Amino acid sequence: MNQLEKLVNPHLIKMTPYSSARDEFKGKAEIYLDANESYENSFFDSNRYPDPEAVEVRKVLEKTLSLPFSKTALGNGSDELIDYLIRIFCAPNDAIAIVKPTYGAYKVFSSTNNIKCIEIPQNSDLTINKEEIFKVLENEKVKILFLCSPNNPTGKVIPFSLIKEISDKNKGITVVDEAYADFARSFRSAVELIDSNERVVVIRTLSKAWAIAGSRVGILVSSEYLQRLFLKIKAPYNVSLLNQRAALKALKEKDKVQKDIKDIISYRKDLEEFCKNLEYVKEIIPTETNFILIRVGDADSLYSYLLSKSIIVRNRTHELYLEGVLRITVGNKRENEKLKEALLGYKG
Ligand SMILES: *Cc1c(COP(=O)(O)O)cnc(C)c1O
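Predicted, not measured: the structure shown is a model, and the values here were computed from it.

Thresholds, definitions, all that
Residues numbered from 1 in each chain as written. Predicted model: local features only at pLDDT ≥ 70, side-chain atom pairs only at ≥ 80, totals over all residues. Heavy atoms only, no water. Pairing = 2+ DSSP bridges. Helix = DSSP H or I, 4+ residues; strand = E, 2+ residues; numbered from the N terminus. Axes fitted to C-alpha atoms, helices over the stretch in contact; angles between N-to-C directions. Contact = heavy atoms within 4.5 Å. Near = heavy atom within 4 Å. Polar contact = N/O pair within 3.5 Å; in protein donor to acceptor, adjacent residues only side chain to side chain. 1 Å grid on protein atoms, 1.4 Å probe; cavity = no way out; pocket = protein on both sides within 12 Å on 5 of 7 lines; lining within 4 Å. Sits in = over half its atoms within 2 Å of the grid points. Nonpolar A, V, L, I, M, F, W, Y, C, P; charged D, E, K, R; others polar. Parallel < 35°, antiparallel > 145°, perpendicular 65-115°, else oblique.

*Asks:* Would you take a moment to explain the sheet that holds strand 7 (residues 217-221) for this structure?
*Replies:* Strands in a sheet are paired, the pairing made by backbone hydrogen bonds, and the direction either parallel or antiparallel. What the seven strands build is an open sheet, ordered 1-7-6-5-4-2-3; its pairing is mixed. Every interior strand has two partners, whereas the edge strands, strand 1 (72-76) and strand 3 (116-121), have only one. Pairs of neighbouring strands in the sheet enclose a mean axial angle of 25°, with direction left out of account. Note that strand 6 (residues 200-205) and strand 7 share four bridges and pair antiparallel. Across the sheet, the residue bridging to I203 is L220, located in strand 7. In this fold helix 4 (residues 55-65) packs onto strand 1, strand 6 and strand 7, with an angle of close to 115° to the strand it touches most, strand 1.

This is the structure in structure tokens:
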């Protein structure tokens, strides 16, 4: 038994998977009358079911993002992957652990699956508190620890060495959510840990830097054992043909996306500089993402004011250590100018 086999819900190992028409015949033929599809190709070239294994997209992922073909799968957004991971590893009486404050979806999917969520506070300077994490990992039935790097909503990268140390010590699964990796300076991905520690799982997304949030494409990077299991239990057509097509299109535009990332980072710096000079801004929390974090005296008031100017930001004031903090996504030039104009008009 490998390490993962011991952690997976046993009923999943035993179950017989659904076998789709696309699974049963994998060669090339002239005429396909096996899946009850329409022969009429009327709308968006999508009368045929999509490839359940998203082979084309994964080939391009290997070339473009150096994610090894045999270690990747796609999800209907990384949110779906979070849900699946909890379902794969957690049974009633198990728990997941998250470091607070972090992305809300981990806790929500633990709730929908009736799994306990243990919230481990970070340090007040928004760095990871490894002693607290180790304490929880020793004492509780934690099947999955979720780490998010760069973290939403704090914008902080968790150092690679720390992720390695924590995931080595963790007897359960360590999921590293790298949704904002593309924006981080000299980022070292946890993907390279998977070869020596198959309890490490990485999730990426094409929703942020790759600009196709509407297409819902998330990427699961894991050991081949987990890939085989995932393929067995996932809904066969979880990523639509249109979404796979969007992913291919985006990934082919790597140069454009890299230029866009540079622009976004320079706009972010510009917005941060601008906010520094506003009297009512007490602190700019630096981030390695496509959002800025500003701390003000009364976040609710500034939030409502911006709303009255038809500008929606995210109020994070009720999150641990983020009292008074608004999270503002970097927009395009025009949107950022409008935002600045509005911020100048706020009188505290
Ligand atoms: C935005 C975001 C995601 C993206 O989820 P998708 O379902 O892929 O759109 C995942 N994790 C974090 C931390 C995020 O902020």
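Additional details are given in the paragraphs that follow.
*Asks:* Honestly, the site of the ligand in this entry has me stumped. Any pointers?
*Replies:* In the vicinity of the ligand, 13 residues are found, and the nearest of them are D177, T205, S207, K208 and R216. The contact in question runs from an oxygen atom of the ligand to an N or O atom on the side chain of S78, over 2.7 Å. A distance of 2.6 Å is found between an oxygen atom of the ligand and a side-chain nitrogen or oxygen belonging to T205. Spatially, the ligand is embedded in the second largest pocket. Tallied by class, residues from the shell around the ligand come to four nonpolar, five polar and four charged.

*Asks:* Where do I start with the packing of helix 5 (residues 78-89) against helix 9 (residues 224-233) in this structure?
*Replies:* The description of two helices packed together rests on the angle between their axes and the distance between the axes. Close contact between helix 5 and helix 9 brings their axes to 11 Å; oriented N to C, the two are set at 100°. Here helix 9 runs roughly perpendicular to helix 5, going by the angle between their axes. Across the interface between the two elements, L81, Y84, L85, I88 and F89 from helix 5 touch L226, L229, F230 and I233 from helix 9. Tallied by class, residues from the contact of helix 5 with helix 9 come to nine nonpolar, no polar and no charged.

*Asks:* Teacher, can you tell me more about the environment of V99 here?
*Replies:* Tracing the sequence through the fold places V99 in strand 2 (residues 95-100). Setting aside its immediate chain neighbours within four residues, V99 contacts I120, Q122, I128, I133, F146 and L147.

*Asks:* Looking at this model, I keep getting lost on the environment of V157. Mind explaining?
*Replies:* Its place among the elements puts V157 in the loop between strand 4 (142-148) and helix 8 (160-169). A C-alpha to C-alpha distance of 9.4 Å links V157 and E178, two positions 21 residues apart in sequence.

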